[in-house]
Amino acid sequence: MSTGNPNDTSKPAGSKGAHYHRECTGAALETAERHAKSINTPQDDGICIFGAAFCPFVQRAWIVLEMLGVEYQYREVDPYQKPSDLLALNPKGLVPSLKLSCGDKPGEVMGLGESTVIVEYLLERFQPPPSGTTLLPPLSEPYARAVQRLAVFRGNQSVVPAFYRFLQSQPDSDPEHHIKREEYIKTLTNFTQSMHPEGPFWAGKQISVVDCNLFPWIFRTTNVLRHFRGLQLQDWGAKEGRMAQWLEAMMKLPAVAGTCSTEELYLDSYARYAENRKGTSQVADATNTGRSLP
Ligand SMILES: N[C@@H](CCC(=O)N[C@@H](CS)C(=O)NCC(=O)O)C(=O)O
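These numbers were taken from a predicted model, which means no experiment stands behind them.

Cut-off values and rules
- Residues numbered from 1 in each chain as written.
- Predicted model: local features only at pLDDT ≥ 70, side-chain atom pairs only at ≥ 80, totals over all residues.
- Heavy atoms only, no water.
- Near = heavy atom within 4 Å.
- Polar contact = N/O pair within 3.5 Å; in protein donor to acceptor, adjacent residues only side chain to side chain.
- Areas by Shrake-Rupley, 256 points an atom, 1.4 Å probe, with all protein chains shown as cover.
- Helix = DSSP H or I, 4+ residues; strand = E, 2+ residues; numbered from the N terminus.
- Nonpolar A, V, L, I, M, F, W, Y, C, P; charged D, E, K, R; others polar.
- Core = buried A, V, L, I, M, F, W, Y, C linked by side-chain atoms within 4.5 Å.
- Buried < 20%, exposed > 50% of the residue type's maximum accessible area, 1.4 Å probe, protein only.
- Domains from an automatic or database assignment.
- pLDDT = per-residue confidence, 0-100.
- Contact = heavy atoms within 4.5 Å.
- Expected span 1.5 Å × (residues − 1).
- Phe/Tyr/Trp six-rings, centres within 6.5 Å; stacked < 30°, edge-to-face > 60°.
- Lys NZ or Arg CZ within 6 Å of the ring centre and 35° of its normal.

1. Concerning the site of the ligand
Residues in contact with the ligand amount to 16 residues; listed here are only the nearest, Cys55, Lys82, Ser115, Gln282 and Pro294. The side chain of serine 115 places a nitrogen or oxygen atom 2.6 Å from an oxygen atom of the ligand. Between an oxygen atom of the ligand and a main-chain N or O atom of glutamine 282, the distance comes to 2.7 Å. Considering the ligand on its own, with 520 Å² of exposed area, one finds that the protein chains cover 96% of that surface. At the level of elements, helix H2 (56–68) and helix H12 (282–289) are the ones that each hand at least two residues to the shell around the ligand. Tallied by class, the residues present in the shell around the ligand amount to eleven nonpolar, three polar and two charged.

See the structure below:
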């Protein structure tokens, strides 16, 4: 039997025989390996992202790094065995965290946490981005920028917490399980309805900060929630129509596909959430106690 302790490497957090992954797999592993080399010296203005293979908050920042085409180092850490250099960057010990030597004070290393703040920081710092792909409308269109930020804000308030409420709810013992399922589907329906009608991306032809920020949970709906909660594509409008078009367009982008591990990794990693094991994570604890997510 698994101990449920995510630090147990022999039979750690997954379901029977599941393996606790301490590195990415598949396309994400290739991307991580391409970015394994340290560029974070006081001389070279480097960025290092501290990430964990399974983490959707990491994936949103990672997609943005890839979309912008910037130089960075990817450093895989176990956020449940917080290494001291992670804690030095971010006292909460959460991933993603950025390690920056950004030249404001030469030689000084600075940390930054919170995935949505990290995304905003990257968008501001790399202007224009090396890839030429801007993920927000130009500064001359402040309203259009605000609308996209509002969609991110709404997604963070709805899709993200409802995902965990549904995943952690136990079908056999939670009398509200069905309600939580319907509530989650409703957040996805609302998100789909807020999309540009023609697409393929949220705002139309161009990928935006909205797509990058929400993709990780919607992607995990296609594998984690399908596997553990039986949620099929047709149940949430993803088999055809606008959501299907959006998912297909997102998965075609190398910056997105290249941050996805294989399905096995997600199923192993989320078994502890699906069984709602005690002490799974700060996110899981907050979900169980009705607090806002960390
Ligand atoms: N609000 C944070 C949440 C980040 C977060 O919860 N990350 C998880 C991994 S998905 C973590 O580091 N968990 C470690 C813990 O629970 O102690 C963000 O947006 O960056």
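2. What to know about the nonpolar core
Of all hydrophobic cores here, the largest spans 87 residues; its most connected members are Leu122 and Trp246. With eleven residues, helix H8 (residues 209–229) is the single largest residue contributor to this core. Per-domain counts for this core show at least three residues from each of domain 1 (26–125) and domain 2 (142–260).

3. Observations regarding the confidence of the model for the chain
Low pLDDT means the predicted atomic positions in that stretch should not be read closely. Looking at the chain as a whole, the pLDDT averages 91, with 89% of positions reaching at least 70. The low-confidence segment residues 1–14 (pLDDT under 50) makes 37 contacts with residues lying over four places distant or belonging to another chain.

4. Section: unusual backbone geometry
Cis peptide bonds are those with omega within 30 degrees of zero, and the linkage from valine 95 to proline 96 qualifies with 5°. Tracing the backbone through its elements, the reader meets proline 96 in the loop between helix H3 (84–89) and strand E3 (97–100). Cis geometry is found at the peptide bond from glycine 199 to proline 200, where omega equals 10°. Within the secondary structure, proline 200 is located in the loop between helix H7 (177–193) and H8. Of note, glutamate 114 is a non-glycine position whose phi angle comes to about 75°, a positive value. With respect to the helices and strands, glutamate 114 occurs in the loop between strand E4 (110–113) and helix H4 (115–125). The backbone phi angle of asparagine 276 is positive, close to 50°, even though this residue is not glycine. Structurally, asparagine 276 is set in the loop between helix H11 (263–274) and H12. With relative accessibility at 24%, the residue asparagine 276 sits in the partly exposed group.

5. Points about H11
An α-helix turns once every 3.6 residues. As a result, residues three or four positions apart point the same way. Counted at 1.5 Å a residue, the expected span for H11 with its twelve residues is 16 Å, and the 15 Å between its end C-alpha atoms agrees. Judged by how many residues are buried, H11 sits mostly within the fold: ten of twelve residues are covered. Buried within H11 are the following residues: Leu265, Tyr266, Leu267, Asp268, Ser269, Tyr270, Ala271, Arg272, Tyr273 and Ala274. Trailing H11 by a residue or two, asparagine 276 shows a phi angle of about 50°, which is positive.

6. Section: the packing of aromatic side chains
Inspection of every chain in the model, using the stated rule, returns 14 aromatic pairs. Three or more aromatic residues joined by ring pairs form one cluster here, namely Phe54, Tyr80, Phe163, Tyr164, Phe166, Tyr184, Tyr270 and Tyr273. Over the ring of phenylalanine 54 we find arginine 272, and its NZ or CZ is 5.1 Å from the ring centre.

7. Considerations on the environment of methionine 67
If you trace the backbone, methionine 67 turns up in helix H2. The class for methionine 67 is buried, based on a relative accessible area of 9%. A C-alpha to C-alpha distance of 8.7 Å links methionine 67 and proline 254, two positions 187 residues apart in sequence.

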